[in-house]
Amino acid sequence: MSLWKQIPKDWRELLKDVLSEEDQQKLKELDQFLGQEEEKGKTIFPPKEKRLYALECCRPSQTKVVILGQDPYHGDGQAMGLSFSVPKNQKLPPSLKNIYKEYREDLGLPYPEHGDLSAWAKEGVLLLNTVLSVEKSKAGSHQKKGWEALTQGVLKVLAKSERPIVFILWGSPAQKNARLLEATHHHLIKTVHPSPLSAYRGFFGSKPFSQTNNYLKSQGIPPINWQIP
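Quick caveat, the model's predicted, so the values are computed rather than measured.

A. Quick peek at the overall build of the chain. Scanning the chain for helices and strands turns up 9 helices and 6 strands. Against the globule reference of 17 Å for 229 residues, the chain gives a C-alpha radius of gyration of 17 Å, in line with a compact fold. C-alpha atoms of the chain, sized along the principal axes, occupy 50 × 40 × 30 Å. Among the 229 residues that make up the chain, the fraction classed as buried is 55%.

Printed below as a string of structure tokens:
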């Protein structure tokens, strides 16, 4: 089945209106690239059935918040199709540890015992990476292969939503997408990335979770229950 057919139908119908012919061609080329890489025996993360998991978990009509990441994790068993999230049996990556430190300080909630952020997705938080696959142990290896056409298309779809949405853009790669959103009525939260290299330069203390809920409540939208069970 082609990549396009794997996109959930409600997303696909909306994407038709925002993707150019050039974008559609890039997705076809991405499909070919992924097939060729698999034929060469390369290990790609996340597994095929999880690459569009963010769009499956959080549908257009449900999306209240977008947290935009970069690449999937490139270690064994880490990537699960949701930005910054890892399965419950995986140790926490450094960026997620820092997200949890800020979560605890911002919300006064206990430090989570695992790294699975599926509960946020069920609350209407789209955990989207700008690139949705990666070769094992090679960070950034699938950048500029076509995923950006799809993920920028998703942002364009959401930018057209009449309902205000909060876009959380951590780090400069995520913030490059701000140009798709800045002339809209949506709310942008921009800080440095939560990685250990930059978190102390403005991520800690930024209170993204309470900021998000304060904005949603100001718009008459039910806030996110950020607590991770």
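Next, the rest of the story.
B. Summary view of the packing of aromatic side chains. This structure, assessed with the given rule, holds 11 aromatic pairs. Ring centres of Phe84 and Trp170 lie 5.6 Å apart, and the angle between their planes is 70°; this geometry places the pair in the edge-to-face category. Of the two residues, Phe84 sits in the loop between strand E2 (65-69) and helix H5 (94-107) while Trp170 sits in strand E5 (residues 166-170), which places them 86 residues apart along the sequence. Residue classification places Trp170 among the buried positions, given a relative accessible area of 1%. These aromatic residues form a ring-pair network of at least three members: Tyr100, Tyr103, Tyr111, Trp120, Phe209 and Trp226. It is Lys50 that lies over the ring of Tyr53; its NZ or CZ is 3.8 Å from the centre.

C. Region of interest: H5. Counted at 1.5 Å a residue, the expected span for H5 with its 14 residues is 20 Å, and the 20 Å between its end C-alpha atoms agrees. By the burial criterion, the buried members of H5 are Ser95, Leu96, Asn98, Ile99, Tyr100, Glu102, Tyr103 and Asp106. On the buried face of H5, the contacting elements are helix H6 (118-122), E5 and helix H9 (208-218). At the exit of H5 stands Gly108, carrying a positive phi of roughly 70°.

D. Quick look at the nonpolar core. Judged by nonpolar contacts, the single largest core of 68 residues is most densely connected at Leu15, Ile67, Trp120 and Leu126. A total of 7 residues in this core trace back to one element, the largest contributor, which is helix H7 (residues 147-159). Beyond its immediate stretch of four places on either side in the chain, Leu126 contacts Trp11, Ala54, Leu55, Cys58, Thr63, Val65, Val66, Ile67, Val154 and Leu158.

E. Representation of unusual backbone geometry in the model. The linkage connecting Phe45 with the following residue, Pro46, adopts the cis geometry, with an omega of -15°. Among the secondary structure elements, Pro46 is positioned in the loop between strand E1 (44-45) and helix H4 (53-57). One non-glycine residue, Lys144, lies in the positive phi region at around 60°. Topologically, Lys144 is positioned in the loop between strand E4 (134-135) and H7. A relative accessible area of 76% means that Lys144 is categorised as exposed.

F. Fine view of the sheet that holds E2. The 4 strands lie next to each other as E3-E2-E5-E6, forming an open sheet whose pairing is parallel. The sheet terminates laterally at strand E3 (125-129) and strand E6 (187-191), the two strands that pair on one side only. Here the strands of the sheet are splayed against their neighbours by 15° on average, with no regard to which way each runs. Pairing geometry for E5 and E6, over 5 bridges, is parallel. By the bridge assignment, Ile168 is partnered in E6 with Ile189.

G. Spotlight on the state of the cysteines. Under the defined criterion, the tally for this structure stands at 0 disulfides. Unpaired in this structure, Cys57 has its nearest cysteine sulfur neighbour in Cys58, at a distance of 8.0 Å. Exposure remark for Cys58: the relative accessible area of 0% places this residue in the buried category.

H. Region of the structure containing the pattern of salt bridges. Within the structure shown, the criterion is met by 10 salt bridges. Each of Glu37, Lys40, Lys42, Glu135 and Lys138 takes part in salt bridges that share partners, so that together they form one network.

I. A look at the environment of Gly75. Relative to the helices and strands, Gly75 resides in the loop between E2 and H5. For the pair Gly75 and Phe45, spaced 30 residues apart in sequence, the C-alpha separation works out to 8.1 Å.

The rules behind the values
- By convention here, each chain's residues receive numbers from 1 onward along its written sequence.
- Predicted model: local features are reported for residues with pLDDT of at least 70 only, side-chain atom pairs are reported and counted for 80 or more only, and whole-chain, interface and lining totals are derived from all residues.
- For side-chain calculations, the full set of non-hydrogen atoms in the structure is used, while hydrogens and water are omitted.
- Helix numbers and strand numbers start at the N terminus; a helix is a DSSP run of H or I with at least 4 residues, a strand a run of E with at least 2.
- Computation of the radius of gyration draws on C-alpha atoms, with the globule rule given as 2.2 Å multiplied by the number of residues to the power 0.38.
- Three exposure classes are used, based on accessible area relative to the maximum for each residue type with a 1.4 Å probe and protein chains only: buried under 20%, partly exposed in between, and exposed over 50%.
- Pairs were defined over the aromatic rings of Phe, Tyr and Trp, the Trp ring being its six-membered one, requiring ring centres within 6.5 Å. Orientation was assigned from the angle between planes: stacked under 30 degrees, edge-to-face over 60, tilted for the rest.
- Throughout this description, the term charge over a ring refers to an Arg CZ or Lys NZ atom that lies within 6 Å of the ring centre and within 35 degrees of the ring normal.
- Helix span, as expected, comes to 1.5 Å for every residue beyond the first.
- Two residues qualify as a contact provided that any one of their heavy atoms is within 4.5 Å of a heavy atom in the partner residue.
- Throughout, nonpolar core names a set of buried Ala, Val, Leu, Ile, Met, Phe, Trp, Tyr and Cys residues whose side chains join them through atoms within 4.5 Å.
- Should DSSP find at least two bridges between two strands, the strands are taken to pair.
- Angles here are taken between N-to-C directions and fall from 0 to 180 degrees, while the axes themselves are lines fitted to C-alpha atoms, restricted in helices to the stretch in contact.
- Disulfide: a pair of cysteine sulfur atoms within 2.5 Å of each other.
- The salt bridge definition used is simple: a Lys or Arg side-chain nitrogen within 4 Å of an Asp or Glu carboxyl oxygen.

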